[in-house]
Structures are given as C-alpha cells and as structure tokens.
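# Notes for the structure review
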Amino acid sequence: MKTIYVDNNATTQIAPEVYRAMVPFLTEHYFNPSSMYTPAQKTAAAMSNARQRIAQHFGGIRADEIIFTSCATESNNMAIYGSAKANPNRRHIITTAVEHPAVLEVCKDLARNGYEVTFLPVDRHGNLDIGDFVRAVRSDTLLITIMHANNETGVIFPVEHLARVAKETDPNIVFHTDATQSAGKLPIDLAVDFKYVDMLSYSGHKLHAPKGVGALYVRRGTPVRPFMIGGHQESGRRAGTENVAYIVGLAAAMDLAAARHEEDEPRIRAMRDRLEAELSRRISAIEINGRGATRMPNTSNIACHYIEGEGMLYQLDAEGICASSGSACTSGSLEPSHVLTALGVPFTAVHGSIRFSFSRYNTEADVDKIIEVFPHVVENLRKLSPYWDQIANIPRKNADGLIGKTH
C-alpha cells in the first residue's frame with residue numbers, strides 16, 4: 001500500500017537535493033569548523049557560505065544576524081528567555097492564546113516566575129483583533145512574541161504590521177516571531193516588510209531539510225542573552241559545535257524553496273482547496289477551521305462533529321494516509337487542542353479535528369485517495385457515536401453560517 005503523507009506541518013521528507021548537499025560534510029569534510037588546520041577551514045567556509053545564503057533569502061540581512069541552533073524550539077527558548085535576561089527592568093510579555101507549545105509553555109513558565117503575560121484571544125476564524133493588541137501594549141512591555149503562521153490551522157498573523165505598531169509605540173519593545181510554518185513557504189523580507197521584527201525562529205525539518213537544525217535571526221543591537229553557554233561558537237551567542245552538514249542542508253533547502261516557490265505554491269493551494277470543497281460537499285456537519293482568515297496554502301484543519309480525531313487517524317492510517325489531529329508536539333494528549341479551543345470550535349467538534357498539510361511531493365492522486373476514503377471513515381465512526389443518530393436530522397450552522405447537511 002502506498003503511503004500518502006499529508007502531515008507536512010509536523011515534519012517533511014528530506015529533499016534529494018538537500019541530502020546530496022549534506023553528504024560530503026557527513027563523510028570527507030567532517031572537521032570541526034572551529035579548528036585551525038586547513039581541512040577545518042574549508043568546513044568553516046562552507047558553514048559561512050550557508051549563513052550568507054540564508055541571510056539573502058531573508059532580504060539580504062547581515063549574515064552575522066543568523067544564529068544556528070538545533071531547532072525552532074531552541075530558537076524560541078533563546079529568544080524569550082534571552083530577552084527576559086537582557087531586560088530585567090521590564091516584566092510584561094504579550095503573546096497569543098494559539099502559539100505553539102515551544103512559545104506558549106515558555107511564557108507560562110515566566111508567568112510562574114513573576115512575569116505578567118497577556119495571552120491575546122482570537123476570533124472564530126483564528127484572527128487577532130488589532131484593537132486588543134494595541135490595548136495590550138504597556139510601558140513595561142518587554143517582549144511581544146507572536147507566530148507568523150499557526151501550525152494547526154495555517155492562519156497567518158500580520159506580524160509585519162504588528163511589529164511596526166509595537167515599535168512606534170515603544171522602540172525598546174523586542175518583537176519576536178515564530179516563523180516555523182512560514183519560512184521558506186512565504187516571502188519574508190527582514191530588511192523591508194519585516195524590518196521592525198527583531199527576532200525570528202524557524203526549523204529546517206518543516207521545509208525538507210533534516211531534523212536537528214534551526215536558526216534564530218537576531219537583528220543587530222537587539223538585547224538578548226545566550227541560552228546555551230559553554231563555548232565561543234556562533235560569535236559567543238550559542239555554545240556547542242555547529243552541525244555543519246545539517247547547516248549546509250538548511251541552506252540548500254532554502255535555495256530549493258526559493259527556486260520552486262512560484263511553481264509549488266499555486267499547485268499546493270489548488271490541492272488544498274479541492275480537498276476542502278469535496279469533503280464539504282460529501283460530509284455533513286463539518287467545520288473548516290480558519291477558512292475565514294488568510295491561511296497558509298498547504299494547511300487544512302477539518303473538524304467533524306460527534307466523532308473523535310484519534311479514531312479518524314487510526315482508520316486513515318489503515319488506508320495508508322498519514323495525517324494529524326493537531327500539533328505533533330501534543331499528540332497523545334486527551335485534552336482538546338488549545339488552538340481550536342481558543343477559536344471557539346463547538347464542543348461537539350473540538351475533539352474531532354484532522355489536519356491535512358501538503359508539500360511539493362503530494363499529488364492530485366493523493367487528494368483523490370483522501371476524498372475517496374475520508375467520508376467513509378467519518379460515516380463509520382458516526383455509526384458508533386451514541387449522539388449522532390439523535391441529532392443527525394437537526395439543522396446546524398457551521399462557522400460560515402451554512403446549514404450542515406443531514407444524512
């Protein structure tokens with residue numbers, strides 16, 4: 001049975017071009033880039049070249065503003081904890097209720113240690129209220145950390161606008177964005193459109209580079225303390241021997257994403273839109289979460305009333321379809337998604353969400369298979385639901401104001 005992988009917001013396969021770029025640095029060019037002898041200098045030069053290429057993809061920023069890390073989680077931790085350490089006189093942080101746990105849990109930890117954190121709400125479609133944001137900014141605000149694109153719904157926040165508003169209010173506020181789901185997929189020019197963003201995190205394995213490498217952009221002059229201590233690497237900002245092969249792979253993945261963007265983006269968006277249209281036509285009482293907001297072109301979050309997401313995942317897996325019920329970092333939890341809870345998804349649907357997330361390696365045949373299988377999965381599970389037969393013939397409105405079909 002062919003595996004149909006539509007969980008690309010969790011991780012992506014390594015692109016063959018990326019793998020080929022990495023291999024020499026896993027074999028003959030294995031040297032520590034901090035060593036002084038000639039072979040190591042060649043390895044260091046490859047890492048420097050990768051840093052420069054990545055900087056170019058973010059609008060031609062300074063290469064020394066890129067710090068290599070192990071993943072976006074580490075980058076987020078460094079950005080948030082590092083800002084707090086560097087600005088001890090300010091104790092207020094602004095974030096959103098729908099952040100990835102790599103941001104949300106760090107903010108909660110700081111709240112337990114005396115910081116005041118404002119968790120901005122979102123509306124039913126996942127949009128932020130700009131008025132709420134403006135009212136949240138205070139004279140003691142230290143940091144604003146708001147994701148660029150949500151990992152569960154794909155909803156895009158206007159961080160470039162929010163950062164400008166924050167800086168015009170108080171230029172000493174540090175603005176950080178977690179761009180894990182958008183880097184390499186959406187244009188991000190840190191020299192122009194995003195020039196008020198001070199820090200940006202992302203991870204290689206979301207864009208066809210390997211797991212185990214990420215980066216943190218830190219605009220020159222931004223006050224932030226090191227999170228990893230113990231060596232002089234990354235100009236003293238992040239200790240630990242750099243993972244050169246993976247760094248080279250990260251740069252290759254960024255190159256590939258830029259080269260393929262005009263071809264990939266419309267094709268991926270068309271697959272996502274066709275999937276949503278067909279499933280909405282074939283299945284009653286479903287919610288397309290985030291459909292009323294600007295979204296990433298590859299992400300579809302569908303909640304089905306009166307069934308459990310785990311049951312859907314098991315039956316999809318039996319058909320060779322790999323999807324997700326939310327963030328991979330919280331899979332296995334019995335609690336409903338904090339993102340869908342924040343959106344106000346009805347109780348009857350909040351446990352029944354499935355996320356399909358596409359990449360350049362998906363095909364129309366993959367979409368055809370999901371359209372064929374998924375309605376039967378929902379039908380089978382609803383036959384087992386103690387509630388479905390009682391309410392199936394009662395008209396219901398979804399988030400778009402449309403009456404759900406009855407069976």
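Here is what the cut-offs are and how they apply
Residues numbered from 1 in each chain as written. Predicted model: local features only at pLDDT ≥ 70, side-chain atom pairs only at ≥ 80, totals over all residues. Heavy atoms only, no water. Helix = DSSP H or I, 4+ residues; strand = E, 2+ residues; numbered from the N terminus. Rg over C-alpha atoms; globule rule 2.2 N^0.38 Å. Buried < 20%, exposed > 50% of the residue type's maximum accessible area, 1.4 Å probe, protein only. Contact = heavy atoms within 4.5 Å. Areas by Shrake-Rupley, 256 points an atom, 1.4 Å probe, with all protein chains shown as cover. Salt bridge = Lys/Arg side-chain N within 4 Å of Asp/Glu carboxyl O. Phe/Tyr/Trp six-rings, centres within 6.5 Å; stacked < 30°, edge-to-face > 60°. Lys NZ or Arg CZ within 6 Å of the ring centre and 35° of its normal. pLDDT = per-residue confidence, 0-100. Core = buried A, V, L, I, M, F, W, Y, C linked by side-chain atoms within 4.5 Å. Pairing = 2+ DSSP bridges. Axes fitted to C-alpha atoms, helices over the stretch in contact; angles between N-to-C directions. Expected span 1.5 Å × (residues − 1).

Okay, the overall build of the protein next. Within the protein one finds 12 helices and 12 strands. Compactness check: the protein gives a C-alpha radius of gyration of 22 Å against a globular reference of 22 Å for 407 residues, within 12% of the reference. Summarising its shape, the C-alpha atoms of the protein cover approximately 75 × 50 × 35 Å along the three principal directions. Counting all 407 residues of the protein, 55% fall into the buried class. In the protein, of all internal contacts separated by at least 6 residues, the share reaching a separation of at least 24 is 75%. Working note: accessible area of the protein is about 17,000 Å², and carbon and sulfur atoms make up 54% of it.

We now examine the pattern of salt bridges. Counted under the stated rule, the structure contains 27 salt bridges. Between Glu105 and Lys108 there is a salt bridge, and its shortest N-O distance comes to 3.7 Å. Taken together, the positions of Glu105 and Lys108, both in helix 4 (residues 101–112) and 3 residues apart, correspond to about one turn of that helix. Judged by relative accessible area, which is 33%, Lys108 ranks as partly exposed. For the salt bridge of Arg274 with Glu364, the shortest nitrogen-to-oxygen distance reads 2.7 Å. Here Arg274 is found in helix 7 (residues 244–282), whereas its partner Glu364 is found in helix 11 (residues 364–384), with 90 residues between them in sequence. By relative accessible area, which is 29% here, Arg274 ends up partly exposed. By relative accessible area, Glu364 is classed as partly exposed at 36%.

By the definition in use, this model includes 6 aromatic pairs. With a centroid separation of 6.3 Å and 75° between ring planes, the pair formed by Phe31 and Tyr37 is classed as edge-to-face. In this structure Phe31 comes out as buried when scored by relative accessible area, which is 19%. Relative to Phe227, the ring of Tyr81 lies with its centre 6.0 Å away and its plane at 5°, an arrangement referred to as stacked. Linking Tyr81 in helix 3 (residues 72–86) with Phe227 in the loop between strand 8 (214–218) and helix 7, this pair joins segments that are 146 residues apart in sequence. When its relative accessible area of 32% is taken as the criterion, Phe227 is described as partly exposed. One aromatic cluster is present, formed by Tyr30, Phe31 and Tyr37 through successive ring pairs. Over the ring of Tyr115 we find Arg91, and its NZ or CZ is 3.9 Å from the ring centre. Above the plane of the ring of Trp388 lies Arg382, whose end atom (NZ or CZ) is 4.1 Å from the centre.

Time to look at the confidence of the model for the protein. A low pLDDT score tells you not to read the predicted coordinates there in detail. With 93% of its residues at a pLDDT of 70 or more, the protein shows a mean pLDDT of 93. Confidence drops under a pLDDT of 50 for residues 401–407, and excluding neighbours within four residues, the segment shows 21 contacts in the predicted structure.

Here we take up the nonpolar core. Core analysis: the largest hydrophobic core is formed by 64 residues, its most contacted members being Phe58, Ile146, Phe175 and Tyr202. Considering every element that reaches this core, the biggest residue donor is helix 7, with 10 residues. Leave out the neighbours within four places in its chain, and Phe58 touches Ala183, Ile188, Asp189, Leu190, Ala191, Leu200, Tyr202 and Met254. By size, the runner-up hydrophobic cluster in this structure holds 28 residues, among which are Val6, Leu316, Ile354 and Val378.

Next up on the list: the sheet that holds strand 12 (residues 353–357). In space, the 3 strands of this open sheet follow the order 9-10-12, with antiparallel pairing throughout. A single partner strand is all that each edge strand has here, and the edge strands are strand 9 (286–289) and strand 12. This sheet shows a mean twist of 25° between the axes of neighbouring strands, independent of strand direction. Pairing geometry for strand 10 (residues 299–304) and strand 12, over 5 bridges, is antiparallel. Residue Thr299 lies in a different strand from strand 12, and its bridge partner there is Ser357. Contacts between helix 7 and the sheet are confined to strand 9, strand 10 and strand 12, with strand 10 contributing the most and set at about 15° to the helix.

Once that is clear, we can look at helix 11. Side chains of residues three or four places apart in an α-helix project in the same direction, reflecting 3.6 residues per turn. Compared with the 30 Å implied by 1.5 Å per residue over 21 residues, the 31 Å span of helix 11 between its first and last C-alpha is a close match. Those residues of helix 11 that sit buried are Asp366, Val367, Ile370, Ile371, Val373, Phe374, Pro375, Val377, Val378, Leu381 and Arg382.

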